[in-house]
Every structure is written in C-alpha cells, then in structure tokens.
Amino acid sequence: MSPDHWTTLRGDIAGTLLLPQDTGFDAAVRARPFTAHDGVPAPAAVLRCTSAADVAAAIGFARREALPIAVRSGGHCAAGLSSTPGLVVDVSPMDSIEVDGDRIVVGGGVRLAALVEALGAHGRAMPTGTCPTVGVSGLTLGGGWGMLSRQYGLTCDQLVRAEVVTADGAVLVADDDHEPDLFWAVRGGGTSGLGVVTSMEFRTVPAPPMTNFRYTWPAAAAGVVLRAWLDRAVDAPARLCAEAGLYPDEVALHGAMAGTEAETRAALDQLCDGLPEPVRAEAAELSYLDSARDLAGAIDTADPSRHLYATSEFFEEPLPDDTVAALLALFAAGPAEREVGFMPWGGGDTDVAPDATAFPHRRARYAVHHLAIAPDADAEARDWTGAMRDTLGPHGTGGVYANFADRGLADPDLAYYGANAARLREVRRRYDPDGVFRPS
C-alpha cells in the first residue's frame, strides 16, 4: 500500500498511526506478555486510538482498502487473535476511569490492574480476574471469572452499559433499553463479529475484607489433593474461592476468601480433611486492594517474548480416578513451564440463567485450564495443552472458556457459546454482515 493511503488515515484521526518503519512500531506489535505470535504475520500498521471517532475512522479505512482488522485492548491473547497482517486497532490509549458511587466507567483500553486500583481507592470491588495486564473489555466479552465470582457472578454480569463501534462505523450505546441484542452479546459473547468496545459501565459492591491463602504439598500428593478438591471445593462456602493448581514440583490450594483468617482456615480445614499435612499453610488477612495486588504479584508478565498456550473445559461431575491418574502422567511429561488449574464455579456463577447473557456455562461446577509457557513459538507446548484437554474431554460438558481462546477447537462457536451460539451468530450477522471483525 502506498504511503499516500496511510497519509489519508493520519489526517482523519487524533491518535497515533504506527507503520513498520516508525519508532515504536516493534514495541506496539511485540510488547505484550502472553501473546502468541507464531504463524501470525506482523501487521501492516497499528493505530493507537484515542476516541470512538478514531476507531470509526480505522474501520472505514480498513474496509475501503480491504485490510483485515484485529482489535487489541492492551492485554494479551494466547491464540493470537489480537494480531493480523492488516490493521491492528489498538484502544489501549483509551484508559480513562471514573468512579461514581456504586458505578465505574472505564475506557476500552483499561487493564485490570488500573481497574482494581481505582475500585480499591473508593472502597469498592467487583468480580474480576487476577492477571494485571489483561484488558477489562476482553475479560468482560469472554465472561470474566475471579475471586469474587462465586459470590457475585462474572465480570460480564456487572456490566450495565457498553459503547460499541460497529462494522459500519456507527457508535452505539448498548444496555437493557438500547440495542438489547448487542448488550446480550457483549456479556460473554467474545469479540468476533460484534464491534469495538470503547467504553463500559459496571455496577460495583462494597469492598470486602479478604484473606489470601496458599497451601502446598509435594507433587507426589497431587492425586489425593485433587480428589479432595473434586469432592468438596464446589460445595464450599460461596465466599471461598479455592483453586487447585498442579505445578512441576508441587500441588497447591490457593486463592482468597471474603472473610477473616480464622474463617478462611476453618473452611480450608474442611476442604483438607484427611489430607497429609501441607508443606506450607499460609493465610493472611488483607484489604480487597492488597488482596488483588498480592494475587497479581504471583503472575510474571515482565517478559513479552513468553508465549502462552492455553485451553480449558467445563465439568458438571467429578473426574474418575483413572482419568485423574492419566492427567497426572501426561502432566509429568509436559513442557518445563506448565500449570493446570481447577477453578471452582457454583454460587453466583450459576445465579444467572444460561441464556440471559451470551455466556452459557452457568451450570458448570468447575472448570479446568491447561497452560504452557514457552520462550519462543513451541509446537510441543501447543500440542501438550491440546492433549491435556483431550484427556479430560470425555467427562466434560464440551464447553470451553472463551478467555482461554484456543485455535485447536473443531467448532469454536459451539465450544465457547453452547446453546447460545445460534443466537450469537444472528446478532453477529446483524451488526457485522460482511465479517469485518471475524478472524481469518
């Protein structure tokens, strides 16, 4: 494409257009932790948008020039969906935050760390994830699970309004009364085919006092720890979010509870009844803000060259013992840096009907995610996550958490959106009839 074409776009925007020869282009493309780049060509350009008008101009330009579009909110995407050989529409400069009573309004580029800091400063909270670099809009569009979800539901359940730039360049407000189908879709319906979210308003709750904990055992105890977790964790008090984690050298129960240390240890004593004594049994009362900071501090996001391979699945019943044994054997032979997390659902996650929003997995009792991190594009790591998923697959619901996007799925729509997939496709066709936002 000739430089004159890009000059035209530069004249239509207030943001910054970066081409491959520009200073800052490489950083804009690569400086994202946990983003897959293998097999994804470098973009022709990155447009760092500062307003909905910039986004609309970018969409119009890309359509005229027949350029594919990828949308990036500043976080990460293990499946590489925030990259494209065409135009990356980067809304990360749109990072305004406004707290007003029990509501918070955030720009489309706000990341989780900034959201939590703003909430904590006002004594408020909401269910979110824990990774500080994830984009809030992407988190919400995929559902959004975190330490408070068993009490209050998912991140998308707190959404009360979204501003969305659609494929025709229109800037729409979606809520219960305006564009209700679009509002239904942005609550857990993923990013593909809906538009670019430039602003979101959420309801919040008073920030509860928290207790963070981590109990660990040697890796040899993984089988008995997982069996106890599978039998008991989902039925634990809704205030307790205890995730079981498999790591190369240990197995852990970790997470947080909205309550005192004494309450937390009492709940964990019931969960751990009959298990060997843990090597470590740490628990600390913290404010909501310090709890979130502590949980985020356990995640290393400093190196943008690290590639995250991830997948997941949902379950309604405990796993058979022989399946757990097969999982542990495959885990032991995996890449050097690997993890399996068992995430308890139930409680507030299930209070919303499966068809009330686009997020369908409301009746799942738990989810399992498989992660591998490799310094470079690594077929072994990619294949291992798929094999781990397939080992448990016969016992799952067939559902996959969209926020662990997985390019290896035979039918992504069915896996991510289940019985809601047909309605979601109809909403996409209405708002993006030409497939402007759908990944190639």
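J.: If you had to explain the environment of Pro354 to someone new, which residues and values would you point to?
T.: Here Pro354 shows up in the loop between β17 (338-344) and β18 (366-374). Sequence separation between Pro354 and Gly418 is 64 residues; the distance between their C-alpha atoms is 9.5 Å. Excluding anything up to four places from it in sequence, Pro354 contacts Phe359, Pro360, Arg362, Arg363 and Asn420.

J.: Give a detailed account of the environment of Gly24, specifying residues and quantitative values.
T.: One can find Gly24 in the loop between β1 (16-18) and α2 (25-30). Gly24 sits in the partly exposed class, given a relative accessible area of 35%. Distance from Gly24 to Val46, taken between C-alpha atoms, is 9.9 Å for residues 22 residues apart in sequence.

J.: Can you tell me about the pattern of salt bridges, naming the residues and giving the values?
T.: According to the stated counting rule, one finds 24 salt bridges in the structure shown. Ionic pairing is found between Asp321 and Arg227, a salt bridge with its closest N-O pair at 2.7 Å. Separated by 94 residues along the polypeptide, Asp321 in helix α11 (residues 321-332) and Arg227 in helix α8 (residues 222-232) bring together distant segments of the chain. Through salt bridges that share partners, Asp102, Arg103, Arg161 and Glu201 make up one connected network.

J.: Give me the lowdown on the environment of Gly223, citing residues and values where you can.
T.: Along the chain, Gly223 turns up in helix α8. Using a relative accessible area of 28% as the deciding quantity, one classes Gly223 as partly exposed. Separated by 101 residues in sequence, Gly223 and Val324 place their C-alpha atoms 7.0 Å apart.

J.: Which residues make up unusual backbone geometry, and what values do they have?
T.: Excluding glycine, residues mostly have negative phi values, and the peptide bonds linking residues are mostly trans. Although it is not a glycine, Ala66 sits at a positive phi angle of roughly 55 degrees. Mapped onto the fold, Ala66 is located in the loop between α3 (52-64) and β3 (69-72). Note on Ala66: relative accessible area 67%, which makes it exposed. Positive phi outside glycine occurs at Glu179, with the angle close to 50 degrees. Look at Glu179 and you get partly exposed, because its relative accessible area is 31%.

J.: I'd love a proper account of the packing of helix α4 (residues 112-121) against helix α10 (residues 288-297), names of residues and values included.
T.: At a closest axis distance of 9 Å, the pairing of α4 and α10 adopts a crossing angle of 160 degrees. In this view, α4 runs roughly antiparallel relative to α10, as classed from their interaxial angle. As for how α4 packs across α10, the hand of that crossing is left-handed. Along its contact with α4, which presents Val116, Glu117, Leu119 and Gly120, the element α10 presents Tyr288, Leu289, Ala292 and Arg293. Looking at the contact of α4 with α10 residue by residue, the class counts come to five nonpolar, one polar and two charged.

J.: I'd like to hear about the nonpolar core, residue by residue, with values.
T.: The nonpolar side chains of a soluble globular protein tend to be buried with one another. Counting residues in hydrophobic clusters, the biggest one holds 66 residues, and the most contacted among them are Leu115 and Val186. Within the second largest apolar cluster, 42 residues are counted, among which are Ala236, Leu268, Phe331 and Met388.

J.: An account of the packing of aromatic side chains is requested, with residue identities and associated values reported.
T.: Inspection of every chain in the model, using the stated rule, returns 14 aromatic pairs. A ring pair is formed by Trp229 and Phe342, whose centres lie 5.7 Å apart and whose planes are at 65 degrees; its orientation type is edge-to-face. Taken together, the residues Trp229 in helix α8 and Phe342 in strand β17 connect sequence positions 113 residues apart. Across the pair, exposure class does not vary: Trp229 and Phe342 are buried alike.

J.: Can you tell me about the sheet that holds strand β9 (residues 171-174), naming the residues and giving the values?
T.: Taken together, the five strands give an open sheet; going across it, the order is β5-β6-β10-β8-β9, and neighbouring strands pair in antiparallel fashion. Strands with a single pairing partner mark the edges of an open sheet, and in this sheet they are β5 (97-100) and β9. When the angles between neighbouring strand axes are averaged without regard to direction, this sheet yields 10 degrees. Judged from the four bridges that link them, β5 and strand β6 (residues 103-107) form a sheet pairing that is antiparallel. Within β6, the residue paired with Glu98 across the bridge is Val105.

Rules of the game
Residues numbered from 1 in each chain as written. Predicted model: local features only at pLDDT ≥ 70, side-chain atom pairs only at ≥ 80, totals over all residues. Heavy atoms only, no water. Helix = DSSP H or I, 4+ residues; strand = E, 2+ residues; numbered from the N terminus. Contact = heavy atoms within 4.5 Å. Buried < 20%, exposed > 50% of the residue type's maximum accessible area, 1.4 Å probe, protein only. Salt bridge = Lys/Arg side-chain N within 4 Å of Asp/Glu carboxyl O. Axes fitted to C-alpha atoms, helices over the stretch in contact; angles between N-to-C directions. Parallel < 35°, antiparallel > 145°, perpendicular 65-115°, else oblique. Left-handed = near helix turned anticlockwise from the far one by under 90°. Nonpolar A, V, L, I, M, F, W, Y, C, P; charged D, E, K, R; others polar. Core = buried A, V, L, I, M, F, W, Y, C linked by side-chain atoms within 4.5 Å. Phe/Tyr/Trp six-rings, centres within 6.5 Å; stacked < 30°, edge-to-face > 60°. Pairing = 2+ DSSP bridges.

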